[in-house]
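Here is how the chains run, residue by residue.
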Amino acid sequence: MKPIVVLGSGLAGYTLVRELRKLNRDIPITLVTRDSGDYYSKPTLSNAFAQKKEAASLVLTAAKDMAAQQKFTLLANTEVHAIHREARQLETTAGVIEYEKLVLAIGADPIRIPLQGDAAVLSVNDLSDYAHLREKLGNAKTVAIMGGGLIGCEFANDLALAGYKVAVIDPGPYPIAGLLPEQAGRQLLEPLNNLGVSWHFGKTAQRVDAAGAGYTLALSDQSTVSADIVLSAVGLRPRIQLAKNAGLAVNRGIAVDEQLQSSDDAIFALGDCAEINGRTLPYVLPIMHAARALAKTLAGEDASVIFPPMPVVVKTPAHPIAVLPVPRDAAGTWTVLAEGQGIRMGFFNPQNEMIGFALTGEYAKERSEMAARCAV
Ligand SMILES: Cc1cc2nc3c(=O)[nH]c(=O)nc-3n(C[C@H](O)[C@H](O)[C@H](O)COP(=O)(O)OP(=O)(O)OC[C@H]3O[C@@H](n4cnc5c(N)ncnc54)[C@H](O)[C@@H]3O)c2cc1C
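Scoring rules and cut-offs
Residues numbered from 1 in each chain as written. Predicted model: local features only at pLDDT ≥ 70, side-chain atom pairs only at ≥ 80, totals over all residues. Heavy atoms only, no water. Pairing = 2+ DSSP bridges. Helix = DSSP H or I, 4+ residues; strand = E, 2+ residues; numbered from the N terminus. Axes fitted to C-alpha atoms, helices over the stretch in contact; angles between N-to-C directions. Buried < 20%, exposed > 50% of the residue type's maximum accessible area, 1.4 Å probe, protein only. Salt bridge = Lys/Arg side-chain N within 4 Å of Asp/Glu carboxyl O. Phe/Tyr/Trp six-rings, centres within 6.5 Å; stacked < 30°, edge-to-face > 60°. Lys NZ or Arg CZ within 6 Å of the ring centre and 35° of its normal.

A look at the sheet that holds strand 6 (residues 80–84)
Here is step 1 of the chain: Taken in spatial order, the three strands make up an open sheet running 6-7-8, and their pairing is antiparallel. Both outer strands of the open sheet, strand 6 and strand 8 (95–98), are each paired with one neighbouring strand and no more. Within this sheet the neighbouring strands show an average axis-to-axis angle of 25°, counted without direction.

Structure below.
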């Protein structure tokens, strides 16, 4: 019997394997991953510097132990180059592998903005990137972060807590502007500033040049920022090339329906690489819901994913935030519901139903109650 082949050992791949094993101990599973396959929690990467954690200490379960516990064949350090759909085969650096069903859980790549100069810009999207940044931080004292979104602000908070002076550069008007309304985003300014973070909004880095042991960033308004390390956190782009080359339907992500099925009924996708009915949802909770639904389908049930309200927690301990993001095109308005040591805001649609919220500071802990009040 040909196996179900899961491609990728991140949260999406491993959650799917775990969920599938809860339903069926016998279906053969092969997991192929181009990294070591060691299991870690990616969200910890943006709050581990302050705790001085080595990359190795972030591994929760070694790959071989995962394989033994969940009873799958592991092909680690193995890259898949091509999918041959007719033959149901994968071309890999370890030879050809056959599949009965294929699950693409291959994640997303950090977006690189074009920069002039001899830029040595780092980004952190996996454990090896984290190890690399830790090594580079060595004797550094200052860090410039390109991108003041969720991940950029989390790194800013963490690195500032670890003692670095941090400059955040972002073309938007305030922190986390892609997810938060302005009054909520602005709540982060002062608490992070008090930790040593300087903000450079409405600007982009155009050049990064080596200067002494560090770098000089030339910004779009002719100002400059000096830093020992430059970190880019300007967003992620789903990895679609493998699927596209195989002729699968792709948009921003690999296009799948509510059963996580692609345009080929033997191939599924979930996690950061997937676009589910037109939406990319690169967060832990949607991945877990999607993995549970897909496990049922692969075990022979007919299951669709239904997403409840899924708040995203922003790990900025200087000023905690939880947000239930609103789709970009949603009709409605943000309303301030309370203001104290932070702010509670709701997004109300034209029927006056709350369909999103932003909670900061003392209100951040209310996310479960607020989610329960939201119309799905
Ligand atoms: C710093 C950081 C902090 C975050 N914090 C939060 C948070 O607080 N809350 C939250 O909800 N979300 C958070 N996220 C997002 C969340 O972590 C991701 O959505 C999630 O981990 C993605 O998992 P994934 O399995 O889809 O992708 P990945 O973990 O990227 O896994 C992709 C896998 O595919 C493999 N792969 C790729 N291409 C190939 C190939 N061709 N052949 C073989 N293998 C391949 C890779 O080796 C890897 O194993 C954070 C993200 C980052 C970067």
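Read on for the rest.
Considerations on the pairing of strand 17 (residues 229–232)
Here is step 1 of the chain: Of the two faces of strand 17, the one holding Ile229 and Leu231 and the one holding Val230 and Ser232 are both buried throughout.
Here is step 2 of the chain: Pairing geometry for strand 11 (residues 142–146) and strand 17, over four bridges, is parallel. Bridge assignment links Val143 to a residue of strand 17, and that residue is Ile229.

Here we look at the pattern of salt bridges
Here is step 1 of the chain: All told, the structure shown has 14 salt bridges when counted by the stated rule.
Here is step 2 of the chain: The salt bridge involving Glu19 is made with Arg292; its shortest N-O contact spans 3.8 Å. With Glu19 in helix 1 (residues 11–23) and Arg292 in helix 8 (residues 284–298), this residue pair connects regions lying 273 residues apart in the sequence.
Here is step 3 of the chain: By relative accessible area, which is 36% here, Arg292 ends up partly exposed.
Here is step 4 of the chain: We note a salt bridge from Glu154 to Lys315, for which the minimum N-O separation is 2.9 Å.

Some words on the packing of aromatic side chains
Here is step 1 of the chain: By the definition in use, this model includes six aromatic pairs.
Here is step 2 of the chain: Ring plane angle 55° and centroid distance 6.4 Å describe the contact between Phe49 and Phe155, whose orientation is recorded as tilted. With a gap of 106 residues between them, Phe49 in the loop between strand 3 (39–40) and strand 4 (59–61) and Phe155 in helix 4 (residues 150–161) connect regions that are remote in the sequence.
Here is step 3 of the chain: Assessed through its relative accessible area of 5%, Phe49 is described here as buried.
Here is step 4 of the chain: Its relative accessible area of 2% is what places Phe155 among the buried residues.
Here is step 5 of the chain: Aromatic ring contacts, followed pair by pair, group Tyr14, Tyr39 and Phe72 into a single cluster.
Here is step 6 of the chain: A cation over a ring is seen here: Arg18 above Tyr39, with NZ or CZ 4.8 Å from the ring centre.

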